[in-house]
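# Chain and residue survey
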Amino acid sequence: MTATNRQIRLARRPVGEVRAEDWAHGAEPVPAAGPGQFVGRTRYVSLDPAMRGWLDDRPSYLPPVGLGEVMRAGSVVEVVESDHPKFRVGDHVVGSFGVQEYVVSDGKGALKVDPALAPLSTYLGALGMPGMTAYFGLLDVGALKEGETVVVSGAAGAVGSLVGQIARIKGCRVVGIAGGPEKCALLTGELGFDAAIDYHSEDLRKALRDHAPDGIDVYFDNVGGDVLDAALTRLAMHARVVLCGAISQYNNETAVQGPSNYLSLLVRRARMEGFVVFDYAPRYPEAARELAGWIADGRIKVKEHVVEGTVDDFPTVLGMLFRGENTGKLVLRLS
Ligand code: NAP
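One structure accompanies this document, and this report is about it.

Criteria and thresholds
- Residue numbering note: each chain is counted from 1, following its sequence as written.
- With pLDDT at 70 or above as the cut-off, local features in this predicted model cover only qualifying residues; side-chain atom pairs require 80 or more to be listed or tallied, and sums for whole chains, interfaces and linings still use all residues.
- No hydrogens and no water enter the side-chain calculation; it runs on all heavy atoms of the structure.
- Helical segments are the DSSP runs of H or I of at least four residues, strand segments are the runs of E of at least two, and each set is numbered from the N terminus.
- The globule rule used for comparison is 2.2 Å times the number of residues to the exponent 0.38, while the radius of gyration itself is calculated over C-alpha atoms.
- Residue exposure (1.4 Å probe, protein chains only): buried if accessible area is under 20% of the type maximum, exposed if over 50%, otherwise partly exposed.
- Contact definition: two residues touch when any of their heavy atoms are within 4.5 Å.
- Per-residue accessibility takes into account occlusion by the displayed protein chains alone, with areas from the Shrake-Rupley method and a 1.4 Å probe.
- The pairing criterion is simple: DSSP has to find at least two bridges between the two strands.
- Between N-to-C directions, angles span 0 to 180 degrees; the directions come from axes that are lines fitted to C-alpha atoms, helices contributing only their stretch in contact.
- Just so you know how the angles are binned, under 35 degrees is roughly parallel, over 145 roughly antiparallel, 65 to 115 roughly perpendicular, and the rest oblique.
- Left-handed describes a crossing whose near helix is turned anticlockwise from the far helix by less than a right angle; the clockwise case is right-handed.
- Amino acid classes used here: Ala, Val, Leu, Ile, Met, Phe, Trp, Tyr, Cys and Pro are nonpolar; Asp, Glu, Lys and Arg are charged; the rest, including Gly, are polar.
- We call a crossover right-handed when, viewed with the strands running away from us, the connection from the first strand over the helix to the second turns clockwise.
- Being near a molecule or strand, for a residue, comes down to having at least one heavy atom within 4 Å of it.
- Each polar contact in these results corresponds to two N or O atoms within 3.5 Å; when the atoms are within protein, one needs to be able to donate a hydrogen and the other to accept it, and residues that are neighboring in sequence are counted only if both atoms are side-chain atoms.
- Note on terminology: a nonpolar core comprises buried Ala, Val, Leu, Ile, Met, Phe, Trp, Tyr and Cys residues joined through side-chain atoms within 4.5 Å.

From N to C terminus, the chain includes nine helices and 15 strands. Its C-alpha atoms give the chain a radius of gyration of 20 Å, near enough to 20 Å, the size a compact globule of 335 residues would have. Across its three principal axes, the chain shows a C-alpha extent of roughly 65 × 45 × 35 Å. Sorting the 335 residues of the chain into buried and exposed places 50% on the buried side. When contacts within the chain are restricted to residue pairs at least 6 apart in sequence, those whose partners lie at least 24 apart make up 65%. Roughly 14900 Å² of accessible area belongs to the chain as shown, and the carbon and sulfur atoms make up 52% of that amount.

The structure is reproduced here in structure tokens:
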């Protein structure tokens, strides 16, 4: 193969917000598939808040991306050359293939997906990692019960929009917290949430009192910081606080802002528990089956924010997550 493989590599470790100079844009020839390998051409790249954490040189649930390495990213590729017994030319495959136009893979960690069953982008969203995160975070970690009050932050995002809809399916009252009137209108309109709070313009504590008068049974936290603090003041007895993420803290140059109201966990006999979705990998098929059923019967509306571009647009598109410019799952479609 003589094509060129454009790639985005980590040039230096960002301090605070990620900047254009933190990335190196390069190109190299596309290698041929060796024995037991396939070559995939990237169709969709996933943009995830966790990417910010992978750039820091500190211990986490995955090793940091090394300086000079191709940026780690989930993507959907189309097999264009293969010497692999399981992956044929024309197959579509999801995996952690990085921000690059082509990947050579031995198939480890790769999953064949069917574009006839769902749009390819959905395998990075509702039927992919964010879907699994919403499903297991809410039902397993949150131990949700029918009739409870659920509050979710980052509610118009990839994970949050699914958390709220799953909670509605399970017969719960759902309050979403999101930035801006358009996102809030989406939540209470198309997505069927019972209430939405615009944390940019509303008094969050008062709004939580109004919309969760009997307290919050499950708070699903995607953002941390002040929003987490406010939610902690409204916990019901035996509440569960699901620590999914804390995007408001990912660009901090100083220490993470901890919750000052954590003693409400004691008073309310509540628990706060973090989780990493990858631990649920053996159970992904179970969640994917159920989510696909809810999508097919219209009980889950899939929200995706697809940006058309090239791998060179990756740094700009990544920044959209931190500026709240996405609604639903953010993906880069390589044109
Ligand atoms: P997302 O919600 O689709 O996108 C990020 C959203 O965060 C933005 O649209 C923005 O929405 C909000 N945001 C950005 N800066 C903020 C700030 N300073 N304060 C409050 N909100 C802010 O992203 P996602 O992929 O669904 O991820 C959501 C969370 O889940 C992230 O924290 C992520 O790290 C976490 N996560 C965890 C796991 C796990 O295994 N634990 C797996 C996947 C994702 P607004 O406009 O509403 O502010």
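After presenting the structure, the write-up continues.
Trans peptide bonds make up most of the peptide bonds, and negative phi angles are found at most residues other than glycine. A positive phi angle is found at Ala 143, which is not glycine, with a value near 45°. Within the secondary structure layout, Ala 143 lies in the loop between α2 (129-141) and β8 (149-153). Positive phi, close to 50°, is recorded for Arg 269, a residue that is not glycine. Positionally, Arg 269 belongs in the loop between α7 (263-267) and β13 (271-274). Take Arg 269: its relative accessible area is 55%, and that puts it in the exposed class.

This part is about the sheet that holds strand β12 (residues 235-243). Read across the open sheet, the six strands follow the order β10-β9-β8-β11-β12-β13; overall the sheet is parallel. In the strand order of this sheet, the two ends are held by β10 (195-198) and β13, each with one partner. With strand direction ignored, the average angle separating the axes of adjacent strands in the sheet is 15°. Packed on one face of the sheet, α2 meets β8, β11 (216-221), β12 and β13 and runs near 150° to β11.

Interhelical geometry of helix α5 (residues 204-211) versus helix α6 (residues 225-232) gives an angle of 40° and a closest axis separation of 9 Å. Between α5 and α6, the angle is such that the two are oblique. Seen from above, α5 lies across α6 with right-handed handedness. Contact residues: α5 offers Leu 204, Arg 205 and Leu 208, while α6 offers Val 227, Asp 229, Ala 230 and Ala 231. Partitioned by chemical class, the residues of the contact of α5 with α6 number five nonpolar, no polar and two charged.

This part is about the pairing of strand β14 (residues 304-309). Taken together, the six bridges between β14 and strand β15 (residues 329-334) define a ladder with parallel strand orientation. Residue pairing across strands places His 305 opposite Leu 330, the latter belonging to β15. The β-α-β motif built from β14, the intervening helix α9 (residues 314-322) and the parallel element β15 has right-handed crossover chirality.

For the rest of this paragraph, the subject is the site of the ligand. Taken together, 26 residues sit near the ligand, with Gly 179, Lys 183, Tyr 199, Tyr 250 and Asn 326 positioned nearest. Note that an oxygen atom of the ligand is positioned 2.8 Å from one of the backbone N or O atoms of Val 277. Taken together, the residues of the shell around the ligand sort by class into 16 nonpolar, nine polar and one charged.

So, on to the side chain of Ser 264. The topology assignment puts Ser 264 in helix α7. Judged by relative accessible area, Ser 264 falls into the buried class, the value being 15%. A distance of 3.0 Å separates the side chain of Ser 264 from the backbone oxygen of Asn 261, its partner in a polar contact. In contact with Ser 264, not counting residues within four places along its chain, are Leu 232 and Leu 235.

A few words now on the nonpolar core. For soluble globular proteins, the rule of thumb is that nonpolar side chains tend to be buried together. Membership of the largest hydrophobic core comes to 46 residues, with the highest contact counts inside it found for Leu 138, Ile 166, Leu 187, Phe 220 and Leu 291. Of all the secondary structure elements, the ones that give two or more residues to this core are α2, β8, α3 (158-169), β9 (173-178), α4 (181-188), β11 and α8 (284-296). A per-element tally of this core places α2 first, with six residues. Excluding residues within four positions of it along the chain, Leu 187 makes contact with Ala 155, Ala 156, Gly 176, Ala 178, Gly 192, Phe 193 and Ala 196.

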